[in-house]
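Next come the chains, spelled out residue by residue.
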Amino acid sequence: MNLSAGVASVAVAFVLVLLKLWALGETHALSVAASLADSALDLMVSLGGLAAIFYAARPPDEDHSFGHSSAEDLAALGQSLFILVSAAVIGWAAFRRLLSDAPVALADEGRGIIVMTVSIALTLGLVLWQRRVARTTGSKIVKADSLHYLGDLIPNIGAILALWAASRFGLTQVDSVVAMGAAVMLAVGALGIGKGAWDALMDRAASPEIIADIERITANWPRVRGYHDLQTRTSGSKLFVNLHIELDGNQTLTEAHAISASLKRAIVKAYPRADVIIHKDVAQPPADPRR
């Protein structure tokens, strides 16, 4: 089901890019251009997510002992740079239109409104399917992609309002204002994607919430007397966990292995894309209070 959600995401994004390219040529509206840039980013992100699903099935090789997930982060950095440039171009063009004495006439606003309405309908349909898949499989990639598409409804609605205001009242300035607002949203989103990719490439630790959750699972696990040296890092959509647990030194190796293996399964169940390594140490006996 994850693969179907990834393919659907790419297909919808590709259709939206084509529709909005046509609408931009018909209307010359910067708000449509901003929505087009957002859909182009969606297409790249969706392609990255689809690649991540395929990459997840690939085992590590001799040259990549920890897999190939860092490719996602490199792609994300390229995506963020692309969308920052697009946002700057759209924002500057909108600013120049606002300052221009000669009003820019939009054309075929009705066709543009139809295209943007179709875009909203396709996006809503995709979000509903992605949420169903995410509930069934627990995939965080699909869930994140769903949230991203849900946020894309704002630029689409803004473009419709701008086209309607231009068609009904001749307020072409609304198009520039909406485009500038959409450009700011695009820039903020691109910076967020770029920061996340940079942090992952620099082996940044997982979020405090994830670390606290792993500590909670470990601390409450049966027959684990303690833990230390919990280390985490992220790479692409993968989470790497390195953990030392303290066990009774008098039990057999088979028993100790069973405890660590069950703990590893619990962590992976909570974070399906986690790569977990658990080291087993002998717990120190409690200090003798008589000494």
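Residues numbered from 1 in each chain as written. Predicted model: local features only at pLDDT ≥ 70, side-chain atom pairs only at ≥ 80, totals over all residues. Heavy atoms only, no water.

1. Focus: the pattern of salt bridges
So the rule is basically this: Here, a salt bridge means any side-chain nitrogen of Lys or Arg that lies within 4 Å of a carboxyl oxygen of Asp or Glu. Secondary structure is summarised from DSSP: a helix means a run of H or I of at least four residues, a strand means a run of E of at least two, and numbering begins at the N terminus for each. Relative accessible area decides the class of each residue, using a 1.4 Å probe on protein chains only: under 20% of the type maximum gives buried, over 50% gives exposed, and in between gives partly exposed.
All told, the structure shown has three salt bridges when counted by the stated rule. Here D248 makes a salt bridge to R225, at a shortest N to O gap of 3.6 Å. Pair noted here: D248 is in the loop between β2 (238-247) and α9 (253-270) and R225 is in the loop between α8 (208-219) and β1 (226-235), with a separation of 23 residues, a long-range link. Residue classification places D248 among the partly exposed residues on the basis of a relative accessible area of 26%.

2. Describing the packing of aromatic side chains
Definition in use: Only rings of Phe, Tyr and Trp enter the pairing, Trp through its six-membered ring, and a pair is recorded when the two centres are within 6.5 Å. The plane angle decides the type: under 30 degrees is stacked, over 60 is edge-to-face, the rest tilted. For a Lys NZ or an Arg CZ to count as sitting over a ring, it must be within 6 Å of the ring centre and within 35 degrees of the ring normal.
Under the criterion given, the structure shown has one aromatic pair. Above the ring of F240, the side-chain terminus of R233 is found at 4.2 Å from the ring centroid.

3. Let's talk about the environment of A206
Quick reminder of the rule: When checking whether two residues touch, look at their non-hydrogen atoms; a contact exists if any pair is within 4.5 Å.
Mapped onto the elements of the fold, A206 is located in the loop between α7 (173-201) and α8. The class of A206 is buried, set by a relative accessible area of 7%. In sequence terms A206 and Q231 are 25 residues apart; their C-alpha atoms lie 8.9 Å from each other. Here A206 is in contact with I211, T232, T234 and L239, once residues within four sequence places are set aside.

4. Remarks on the nonpolar core
Inclusion rule: Definition used in this section: a nonpolar core is a set of buried Ala, Val, Leu, Ile, Met, Phe, Trp, Tyr and Cys residues joined via side-chain atoms within 4.5 Å.
Counting residues in hydrophobic clusters, the biggest one holds 18 residues, and the most contacted among them are I214, L239, I245, L247, L263, I267 and V276. Among residues more than four places away in sequence, those in contact with I245 are T218, V224, G226, Y227, S260, L263, I278, H279, K280 and D281. Membership of the second largest hydrophobic core comes to 13 residues, among which are A37, A87, A179 and A190.

Worth remembering: the numbers are spatial, not functional.
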